[in-house]
Amino acid sequence: MVNNEPAPSSTDILDAIAEIVEEVIGVDAAEVRAETSFTEDLDVDSLAMMEIAVAVEDRFEVKIPDDRVRELRTVGDAVNFIVDHR
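Procedures and definitions
Residues numbered from 1 in each chain as written. Predicted model: local features only at pLDDT ≥ 70, side-chain atom pairs only at ≥ 80, totals over all residues. Heavy atoms only, no water. Salt bridge = Lys/Arg side-chain N within 4 Å of Asp/Glu carboxyl O. Core = buried A, V, L, I, M, F, W, Y, C linked by side-chain atoms within 4.5 Å. Buried < 20%, exposed > 50% of the residue type's maximum accessible area, 1.4 Å probe, protein only. Helix = DSSP H or I, 4+ residues; strand = E, 2+ residues; numbered from the N terminus. Contact = heavy atoms within 4.5 Å. 1 Å grid on protein atoms, 1.4 Å probe; cavity = no way out; pocket = protein on both sides within 12 Å on 5 of 7 lines; lining within 4 Å. Points joined across faces, edges and corners; volume = space filled by probe spheres on them. Nonpolar A, V, L, I, M, F, W, Y, C, P; charged D, E, K, R; others polar. Expected span 1.5 Å × (residues − 1). Polar contact = N/O pair within 3.5 Å; in protein donor to acceptor, adjacent residues only side chain to side chain. Axes fitted to C-alpha atoms, helices over the stretch in contact; angles between N-to-C directions. Parallel < 35°, antiparallel > 145°, perpendicular 65-115°, else oblique. Left-handed = near helix turned anticlockwise from the far one by under 90°.

Draft legend 1. Quick look at the pattern of salt bridges. Counted under the stated rule, the structure contains 3 salt bridges. Here E57 makes a salt bridge to K63, at a shortest N to O gap of 3.5 Å. E71 serves as the salt-bridge partner of R68, at 3.0 Å between the closest nitrogen and oxygen.

Here it is as structure tokens:
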């Protein structure tokens, strides 16, 4: 089966991650930007980060290995990972 849908843009991915962050930790999606740090700005702990990663995997049909999840410091890092691995 061929997927004819266009790949989401970086902006679409960023918006989706912002929505996921809002669902998982309750921070307004409008406050989430590419330079936003998961730990410093959003106070995301390791459990919440895994919840975010699983939701991102489901949304974008990518697999983020556990060791790579720890390397995602900013929302932009997550966007770039998805762009590179779709």
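Draft legend 2. Representation of the nonpolar core within the structure. Grouped together as the largest cluster of nonpolar side chains are 28 residues, with contacts concentrated most on I17, V21, F38, L42, V56 and V75. Ranked by residue count, the leading element in this core is helix α1 (residues 10-25), at 7 residues. Setting aside residues no more than four positions away along its own chain, I17 makes contact with V56, V75, A78, V79 and I82.

Draft legend 3. Region of the structure containing empty space enclosed by the protein. Counting across every chain of the model gives 1 cavity of 30 Å³ or more. Approximately 40 Å³ is the volume found for the largest cavity. Lining the largest cavity are F38, M49, I52, A53, V56, I64, L72 and A78. Considering every element that reaches the lining of the largest cavity, the biggest residue donor is helix α2 (residues 46-60), with 4 residues. A class-by-class count of the residues in the lining of the largest cavity yields 8 nonpolar, no polar and no charged.

Draft legend 4. The arrangement of α2 in detail. Between its terminal C-alpha atoms α2 stretches 21 Å, which fits the 21 Å expected from 15 residues at 1.5 Å a residue. Among the residues making up α2, those that are buried are A48, M49, I52, A53, V56, E57 and F60. On the buried face of α2, the contacting elements are α1, α3 (66-69) and α4 (75-85). The opening residue of α2, the one whose side-chain oxygen lies 3.3 Å from the backbone nitrogen of L47, is D45. In the segment just after α2, E61 is the residue with positive phi, at about 55 degrees.

Draft legend 5. A look at the environment of D45. One can find D45 in the loop between α1 and α2. The class of D45 is partly exposed, set by a relative accessible area of 47%. With 15 residues separating them in the primary sequence, D45 and A30 have C-alpha atoms 20 Å apart. Here the side chain of D45 touches L47 through a polar contact of 3.3 Å, landing on its backbone nitrogen.

Draft legend 6. Structural detail: the packing of α1 against α2. Two elements in contact, α1 and α2, have axes whose closest approach is 10 Å; the angle formed by their N-to-C orientations is 135 degrees. By the criterion of interaxial angle, the relationship of α1 to α2 is oblique. When the axes of α1 and α2 are compared, the crossing they make is right-handed. The residues of α2 that touch α1, namely those facing I13, A16, I17, E19, I20, V21, V24 and I25, are A48, E51, I52, A55, V56, R59 and F60.

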